[in-house]
Amino acid sequence: MNDVEDPVLLHTTGRAAHITLNRPRAINALNHTMVRRVDAALTAWERDPAVETVVLSGAGERGLCAGGDIRAVHDDARDGDGTASAAFWRDEYHLNARIARYPKPYVALMDGIVMGGGVGVSAHGSVRVVTERSRIAMPETGIGFVPDVGGTYLLARAPGELGTHLALTGAQIGAGDAVACGLADHCVPSRSLPDLLADLAVLPVGDALERHVRPLPEGELAGRREWIDACYAAGTVEEIVRRLCAHGDPAAKETAEILLAKSPTALKVTLAAVRRARRLGSLERALEQEFRVSCAALTTPDLVEGIRAQVIDKDRAPCWSPATLDEVSAADVERFFAPLGERELGLV
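All of these numbers come straight from a predicted model, not from anything done at the bench. (Residues numbered from 1 in each chain as written. Predicted model: local features only at pLDDT ≥ 70, side-chain atom pairs only at ≥ 80, totals over all residues. Heavy atoms only, no water.)

A. The environment of leucine 325, seen in detail. By the element assignment, leucine 325 lies in the loop between helix H15 (301–312) and helix H16 (330–334). Residues leucine 325 and proline 264, spaced 61 residues apart in sequence, show a C-alpha to C-alpha distance of 5.0 Å. (Helix = DSSP H or I, 4+ residues; strand = E, 2+ residues; numbered from the N terminus.)

This is the structure:
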């Protein structure tokens, strides 16, 4: 298999082992084969004393990873029984947990687009490097889905209500906001990444970073904390929208309009998932919850419809069912969190 066909490239240079996600035409979207390849590489390198650092990057110019292969999820939910998607998520979430506990430095180069599943294979790492090109998001509510891959755990730990805002809106953030929200650690200019990689081959991670880390660009969220914290502290999505509409800042009203275009069911389940993740106490328990929610989403019309509208037909006009927030009951939300019995993720 040549490099064009191989979706994950593996090599070692000096003390560093490298994982390159290699589907550049799909912005390196993850499929099941890729998840298994990455996990197998981590197993081999964990036991290899010659490997002192693991580095994750993405092929092409557009970004590290745009998320999971949601076309495959669409087809499985529409035409199959969801078994393939559940199996993919099971292995993906186990990989996310493994990355978070990996015993060697795991350096994720979060250059360009990093969304959904891309966050899962990077933001749980021990060293998360962003650049001036980074655009990071958990955009799931726009496709009738809910933040997963440990996203609810990460966003639940963000300052104030910033994580709730990002989870519900799917807003993209840059390097400064990513560090402020706890999704990244260091900023290195994109043009300096090749030199950083060269130094990682011969230096400890801290020494290599010291040569290339630069001050963070200014973020946008700090200036919006007042209305974000006030509005998203509400107990329901309906009240969040009401507060956003009533707030005097035009950005708050624009945010309300963004929310009202998302899947009502996904919004309510996402709010519940993030709030519950705050109390769960560990990434593994949050991933267990996300697996239940993801499997339940496979049985709802909004996931298929959302992917159709955003990715398949690209008409950007999803017909959500139910169509309004008021039509989504507490019982509708609660069923997403129902235990799976023998089908549980098995991390805890």
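B. Broad picture of the layout of surface pockets. Its boundaries defined by the atoms lining it, the largest pocket holds a volume of some 940 Å³. If you go around the largest pocket, you meet 38 residues; those closest to its centre are Ala66, Gly68, Ile70, Pro139 and Val311. When residues of the lining of the largest pocket are traced back to their parent elements, those giving at least two are helix H2 (70–79), helix H3 (83–100), strand S6 (113–115) and H15. Of the residues forming the lining of the largest pocket, the biggest block, 4 residues, is contributed by H15. Grouping the amino acids of the lining of the largest pocket by side-chain chemistry returns 18 nonpolar, 9 polar and 11 charged. (1 Å grid on protein atoms, 1.4 Å probe; cavity = no way out; pocket = protein on both sides within 12 Å on 5 of 7 lines; lining within 4 Å. Points joined across faces, edges and corners; volume = space filled by probe spheres on them. Nonpolar A, V, L, I, M, F, W, Y, C, P; charged D, E, K, R; others polar.)

C. Local environment of the pairing of strand S2 (residues 16–21). Taken across its 6 residues, S2 has 6 buried, putting it largely inside the fold. Taking every second residue as pointing to the same face, both faces of S2 are buried, with Ala16, His18 and Thr20 on one and Ala17, Ile19 and Leu21 on the other. Bridge analysis of strand S1 (residues 8–13) against S2 gives 6 bridges, and the strand direction is antiparallel. Along S2, the bridge assignment pairs threonine 12 with alanine 17. Note: S2 against strand S3 (residues 53–58), 6 bridges, orientation parallel. Its bridge partner lying in S3, isoleucine 19 is registered against leucine 56. (Buried < 20%, exposed > 50% of the residue type's maximum accessible area, 1.4 Å probe, protein only. Pairing = 2+ DSSP bridges.)

D. Highlighting the packing of helix H6 (residues 162–169) against helix H12 (residues 250–260). At their nearest, the axes of H6 and H12 sit 9 Å apart, and the two run at 45° to each other. Relative to H12, the element H6 is oriented oblique. Contact with H6, carried on its side by His165, Leu168 and Thr169, involves Thr255, Ile258 and Leu259 of H12 and no other residues of that element. Here the contact of H6 with H12 is built from residues that sort into 3 nonpolar, 3 polar and no charged. (Axes fitted to C-alpha atoms, helices over the stretch in contact; angles between N-to-C directions. Parallel < 35°, antiparallel > 145°, perpendicular 65-115°, else oblique. Contact = heavy atoms within 4.5 Å.)

This is a description of form; function is not addressed.
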